[in-house]
Amino acid sequence: MNIYQNINALTAYALGTGLIQEEDIIYTQNRLLELFGLDGFETMEEANSIPTVRTEDLESILKELLDQAAERGLFSNDGIVQRDLFDTKIMGCLVPRPSEVQAKFLENYKKSPKKATDWFYKFSQDTDYIRRYRICKDIKWKSRTEYGDLDITINLSKPEKDPRAIAEARNAKQGGYPECLLCKQNEGYAGRINHPARQNHRIIPLKLAGKSWAFQYSPYVYYNEHCIVLDSEHTPMRISRETFMDLFDFVKLFPHYTIGSNADLPIVGGSILTHNHFQGGCYEFPMARAPMEVKFQIKGSEDIQCGIIKWPMSVIRLTGRSTDRIIDLADRILKSWRTYTDEDAFVFSQTNGEPHNTITPIVRMRNGEYEMDLVLRNNITTEEHPLGVYHPHAELHHIKKENIGLIEVMGLAVLPSRLKEELNLLAGAILEGKDFSGDPKIGKHYDWVQEFLPKYASVDKDNICQILKEETGHVFARVLEDAGVYKRNAEGKASFLKFIHTFA
C-alpha cells in the first residue's frame, strides 16, 4: 500500500478498536498527514477510502508506515530502538487525552471493577503500548514439580539484567526527565534513544491509604493483565506497615486482582529499586495454590489463620476477614524479621551496618477472606556466593542468573531470550550424541544435561523438547530453593519455627 492507503488503514484500525469515533476520522487523518510531512491526500476519493482492517493487521500497517517514514527521512532507520520511537509517535496520534481515558475507566468502574480493568487492558493493547504481536512470541509452558505446576516463560521482549547493574542503578545519582521508567511523567513522553517513547501510554490515578498512586499495565505482560501500581512520587522501594496498607487498599478496589511488592534491598529486590511500586494482575500464580504445611496460632491474633506453606521459599501465610488485624500481625512479623539473627542458620540481620533482612509481601482475596503471603528474604553475600547466598547459585546460572523478584517468587519463571536458541541447539546435540562441552553457546549446559539424561530410558525427536522443558522447570524449582532462607530439610524447618517463636 502507498502511504495514503496506510494512513487510512491506520485510521480504520483506530475506528475499529474504539480509539476514535466516526466524528474523529478527518481529524485523525490530518494529524497523520502532518506527522508524515504531507500536505494532503491527492484526491478526495482517496481521502474518503477508509478500508476494513483487522486488529491483527496493525503490525503490517505500522511496518509499512515506518519504511515509508524512513524513506522520507523522518527518522534514522538504524535499528529497532529508532523504529519503536517513531511508531509510538504514530500511535500517539490515535490515543485519547488522559482525562478522557480516566473518565471512561471510571464509567466502567461504576459498573464493576472487572469491567474497568477489562476495558483498560484492551485499551492498552489497542494503543500498541502492549505490543500484541511481540508478546505472543514469548514461549510459555508449565512444569510439574513437588511444589505443583510452575509457570515457565522465555521472555523474547525484554533484555536480561545483571544483579550488580541493578544494585549500581539503585545507588546512582538520579536525574533527568522522567527520572525513571515508572514515573508518572512518562505519560505521553516522546522518548529518546535510552528511554522508551510513551505517547501511547495512559495511567489511572488511585488513592491508596490516603496517598496518590497510579495504575497501569506492564508493556511486557508476563501473565494475564500484568499491572503496575506506582507511587505518584519518585521515592525508593520501602517495605513497611504502609506498604501492607497500600496493598490491601488496592485489593479492596480490585478484588479480582492479586497484588504484591518486590523487596526493598538489592539482590532480593526487583529490577527497579528507585521507585516505589507494586505488581499484580488477574492471574492465579502457582504460589497461591500451595497448601498450608504447618499451622500455628499467634496469641492475641487468634482470628487470623497462620501457617507455613509448602513452597521452595520461606513463606508465612496469614488469612482473615479483617485487613487491619492482618496488617497488625504482618507488621509485627516484619519488625521481628528486620532485626533477627540466627548464626547457626546463617541468618544475619546486618553486617557492617548493611541491612540484610526484608520481606516480599503478596495480597489476594480468596473465598471472601483476605490472604497475605510474607516471603522472608535475605541478601547477604559471601566470597563463595558473591551475587547472594539466597540467590540462584552459580551452577544454575546457565538457566537463570537474574534477581529473583516478586514474579519469580510467586512461581513464574521469566527466563532470558537466549534460551530459545540454546534449547533448540541442545535438542539437536543430544539427539546426535555430540560432545558439546566446548560449544561457546551451549557448553554451559553440558553438566546439567549429563546430570538429568540418565533418568530417561528413551530420548528421541518426539520427546526431547518436552524433556528439556520439564528439566528447565526443575532447574527453576532449584533456583527458588536457593533463594529460600530456610531450606526444606529437617534443620531448615526447625530454624524456621525458631524464628516464628520470636513473635508467636
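Overview of the structure. Predicted model, so just to flag it, every value in this text is computed and none were measured.

Turning our eyes to something else, we now look at empty space enclosed by the protein. Applying the stated criterion across every chain yields a total of one cavity of 30 Å³ or more. By volume, the largest cavity is sized at about 30 Å³. A class-by-class count of the residues in the lining of the largest cavity yields two nonpolar, two polar and two charged.

With mixed pairing, the three strands of this open sheet are ordered in space as S1-S2-S15. Either end of the sheet is taken by a strand with one partner, and the two such strands are strand S1 (139-145) and strand S15 (412-415). Adjacent strand axes in the sheet meet at a mean angle of 25 degrees, parallel and antiparallel pairs treated alike. Direction of pairing for strand S2 (residues 148-154) relative to S15: parallel, over a ladder of four bridges. Paired with Ile-152 across the strands is Ala-413, a residue of S15. Sheet contacts for helix H13 (residues 418-432): S1, S2 and S15; angle to S2, the most-contacted strand, approximately 105 degrees. Helix H15 (residues 464-483) rests against S1, S2 and S15 of the sheet, and its axis sits at about 70 degrees to S1.

Residues Gly-492, Ser-495, Phe-496, Phe-499 and Ile-500 constitute the buried set of helix H16 (residues 490-500). One face of H16 carries all of its buried residues, which in axial projection span an arc of 150 degrees. Across H16 from its buried face, at more than 90 degrees, point the exposed residues Ala-490 and Glu-491. Where H16 is buried, its residues meet strand S8 (292-296), strand S9 (305-309), strand S10 (315-320), helix H11 (323-338) and strand S14 (369-378).

Our next topic: the packing of aromatic side chains. Scanning all chains against the criterion turns up 39 aromatic pairs. Ring geometry for Tyr-4 versus Phe-41: centroids 5.8 Å apart, planes at 45 degrees, classification tilted. In this pair, Tyr-4 sits in helix H1 (residues 3-17) while Phe-41 sits in the loop between helix H2 (25-35) and helix H3 (44-47), placing the two residues 37 residues apart along the sequence. Seen from their ring centres, Phe-254 and Tyr-257 are 6.3 Å apart, and the 35 degrees between their planes marks the pair as tilted. Each member of the pair, Phe-254 as well as Tyr-257, carries the same accessibility label: buried. Feature note: the residues Phe-105, Tyr-109, Trp-119, Phe-120, Tyr-121, Phe-123, Phe-215, Tyr-217, Phe-250, Phe-254 and Tyr-257 constitute an aromatic cluster, connected by ring pairs.

Two quantities define a packed helix pair, namely the angle between the helix axes and the distance between the axes. Across the interface, helix H6 (residues 98-109) lies against helix H7 (residues 113-126) with an axial gap of 6 Å and an inter-helix angle of 145 degrees. Here H6 contributes Val-101, Lys-104, Phe-105, Asn-108 and Tyr-109 to the contact with H7, which in turn contributes Pro-113, Lys-115, Ala-116, Thr-117, Trp-119, Phe-120 and Phe-123. Across the contact of H6 with H7, the residue classes tally to eight nonpolar, two polar and two charged.

With that settled, the discussion passes to the environment of Leu-376. Inspection of the secondary structure assignment puts Leu-376 in strand S14. Along the chain, Leu-376 and Trp-337 lie 39 residues apart, while their C-alpha atoms are 7.8 Å from each other. The residues contacting Leu-376, other than those within four sequence positions of it, are Ser-314, Trp-337, Thr-358, Ile-359, Val-485, Tyr-486, Phe-496 and Phe-499.

How each quantity is defined
- Residues numbered from 1 in each chain as written.
- Predicted model: local features only at pLDDT ≥ 70, side-chain atom pairs only at ≥ 80, totals over all residues.
- Heavy atoms only, no water.
- 1 Å grid on protein atoms, 1.4 Å probe; cavity = no way out; pocket = protein on both sides within 12 Å on 5 of 7 lines; lining within 4 Å.
- Points joined across faces, edges and corners; volume = space filled by probe spheres on them.
- Nonpolar A, V, L, I, M, F, W, Y, C, P; charged D, E, K, R; others polar.
- Pairing = 2+ DSSP bridges.
- Helix = DSSP H or I, 4+ residues; strand = E, 2+ residues; numbered from the N terminus.
- Axes fitted to C-alpha atoms, helices over the stretch in contact; angles between N-to-C directions.
- Contact = heavy atoms within 4.5 Å.
- Buried < 20%, exposed > 50% of the residue type's maximum accessible area, 1.4 Å probe, protein only.
- Arc of directions from axis to C-beta.
- Phe/Tyr/Trp six-rings, centres within 6.5 Å; stacked < 30°, edge-to-face > 60°.

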